[in-house]
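Observations on chain architecture
What follows is each chain in one-letter form.
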Amino acid sequence: MARKTKAEAEATREALLDAAEAVFYAKGVARTSLEEIARQAGMTRGALYWHFKNKGDLFTALLDRVRLPFQELVEEVGTESHGDSPLEAIRLACHKGFVRLARPRYQRVYSILVHRCEFFGDIDPIAMQNSMVDESCGALEEYFQCAAARGQLREDITPALAAQLLQATLGGLFHDWLRNPEEFSIEARGGELVDTLLRLLKGA
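Note that the coordinates shown come from a computational prediction; the quantities given were computed from them, not determined experimentally.

Here we look at the overall build of the protein
For the protein, the count of helices and strands is ten helices and zero strands. Secondary structure of the protein in N-to-C order comes out as α-α-α-α-α-α-α-α-α-α. Viewed in the frame of its principal axes, the protein has a C-alpha envelope of about 60 × 40 × 30 Å. Looking at the 204 residues of the protein, the share that counts as buried comes to 42%. Across the protein, every contact between residues at least 6 apart in sequence was considered, and the portion connecting residues at least 24 apart equals 70%. For the protein, the exposed area adds up to about 11000 Å²; of that, 52% sits on carbon and sulfur atoms.

As structure tokens, then:
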């Protein structure tokens, strides 16, 4: 019985997050009330407050469902792919990330963060985006350091600069795509950009 109750509680939490995703995407975060989210989920505000302290807590949980930690992406593509070739690990992890971003949930939630969330109360969308960029850039730099140690990175490019170049490319691609996801495939264009940049960064 306890296991069922825990499962039901998790199902309720997921239903509330699904409702928040739908209403935030339609109206924006600032213009959405917790009561509207509870109503969208077919629940009471009390049920929502049981799982989330406030709108900021709810929004953070929504983002957590679509986080793309670089190291996690590397692990998903398999250990043999990056043992001797850190640049290949980066390439495959980026491709894996593009596949994830193309999923409707990922596109919607990141659109909410970038285009439908203003700074207010306990939500700072710029700080959230900066945290994601810093995390990604730090992980990329570690792999570029490994590439440099193996002589796989151009000698005139430092690991820090290589990470910044790739992060800038990814960030520009990401924002261009979110403005109009139907205009191009992030998997196709992203793959082409990353593959080209990594070839340019590769050591002789």
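Quick word on the packing of helix α7 (residues 104-115) against helix α8 (residues 125-149)
The contact between α7 and α8 brings their axes to 9 Å, and the two run at 125°. One way to sum up the angle between α7 and α8 is to call them oblique. Taking contact as the criterion, the partners of Tyr110, Leu113 and Val114 in α7 are, on α8, Pro125, Met128, Gln129 and Met132. Residue classes in the contact of α7 with α8 are distributed as six nonpolar, one polar and no charged.

Structural notes on the pattern of salt bridges
Per the counting criterion, the structure on display carries 16 salt bridges. The closest approach of N and O atoms between Asp18 and Arg105, which form a salt bridge, is 2.6 Å. Taken together, the residues Asp18 in helix α1 (residues 2-27) and Arg105 in helix α7 connect sequence positions 87 residues apart. Residue Arg105 is classed as partly exposed on the basis of its relative accessible area of 31%. Across the salt bridge formed by Glu21 and Arg65, the nearest N and O atoms sit 3.4 Å from each other. Of this pair, Glu21 sits in helix α1 while Arg65 sits in the loop between α4 (55-64) and α5 (70-76); the two residues are 44 residues apart in sequence, bridging distant segments of the chain. Each member of the pair, Glu21 as well as Arg65, carries the same accessibility label: buried.

Some words on the nonpolar core
Soluble globular proteins tend to bury their nonpolar side chains together. If you look at the biggest cluster of nonpolar residues, it comprises 59 residues, and the most contacted ones within it are Phe24, Phe59, Ile90, Tyr110, Phe144 and Leu166. The contacts of Ile90, once residues within four sequence positions are left out, are Phe70, Leu140, Tyr143, Phe144, Leu166 and Leu198.

A word on the environment of Gln164
Checked against the element boundaries, Gln164 lands in helix α9 (residues 159-179). Between the C-alpha atoms of Gln164 and Glu76, which are 88 residues apart in sequence, the distance is 23 Å.

Considerations on the confidence of the model for the protein
Residues at a pLDDT of 70 or more form 95% of the protein, whose mean pLDDT is 90. Across the protein, the element-wise mean pLDDT spans from 80 in α5 up to 97 in helix α10 (residues 186-201).

Some details on the layout of surface pockets
By volume, the largest pocket is sized at about 570 Å³. Taken together, the elements giving at least two residues each to the lining of the largest pocket come down to α5, α6 (86-101), α7, α8 and α9. In terms of residue class, the lining of the largest pocket is made up of 18 nonpolar, six polar and two charged.

Analysis parameters
One numbering rule holds for all chains: residues counted from 1, following each sequence as written. Where local features are concerned, this predicted model is filtered to residues with pLDDT of at least 70; where side-chain atom pairs are given and counted, the filter is 80 or more; whole-chain, interface and lining totals use all residues. Only hydrogens and water are set aside; all other atoms, that is, all heavy atoms of the structure, feed into the side-chain values. Secondary structure counts use DSSP, requiring at least four H or I residues in a row for a helix and at least two E residues in a row for a strand, with both numbered from the N terminus. Burial status follows relative accessibility: with a 1.4 Å probe on protein chains alone, a residue under 20% of its type maximum counts as buried, one over 50% as exposed, and anything between as partly exposed. Note on definitions: a residue-residue contact is assigned when non-hydrogen atoms from the two residues lie within 4.5 Å. Surface accessibility in these figures is a Shrake-Rupley result with a 1.4 Å probe; residues are shielded only by whichever protein chains are displayed. Helix axes are fitted only over the stretch in contact, all axes being lines through C-alpha atoms; the angle between N-to-C directions runs from 0 to 180 degrees. The scheme is simple: roughly parallel for angles under 35 degrees, roughly antiparallel for over 145, roughly perpendicular for 65 to 115, oblique for anything else. Residue classes follow a fixed rule: Ala, Val, Leu, Ile, Met, Phe, Trp, Tyr, Cys and Pro count as nonpolar, while Asp, Glu, Lys and Arg count as charged, and any other residue, Gly among them, counts as polar. Take a side-chain nitrogen of Lys or Arg and a carboxyl oxygen of Asp or Glu: if they are within 4 Å of each other, that pair is a salt bridge. Note on terminology: a nonpolar core comprises buried Ala, Val, Leu, Ile, Met, Phe, Trp, Tyr and Cys residues joined through side-chain atoms within 4.5 Å. pLDDT is a per-residue confidence score from the predictor, ranging from 0 to 100. With a 1 Å grid spanning the protein atoms alone, the term cavity applies to any set of points in which a 1.4 Å probe fits but cannot get out, the term pocket to an open set with protein on both sides within 12 Å along at least five of seven lines, and the term lining residue to any residue with an atom within 4 Å of a point. Grid points are joined across faces, edges and corners, and a volume is the space filled by probe spheres set on the points.

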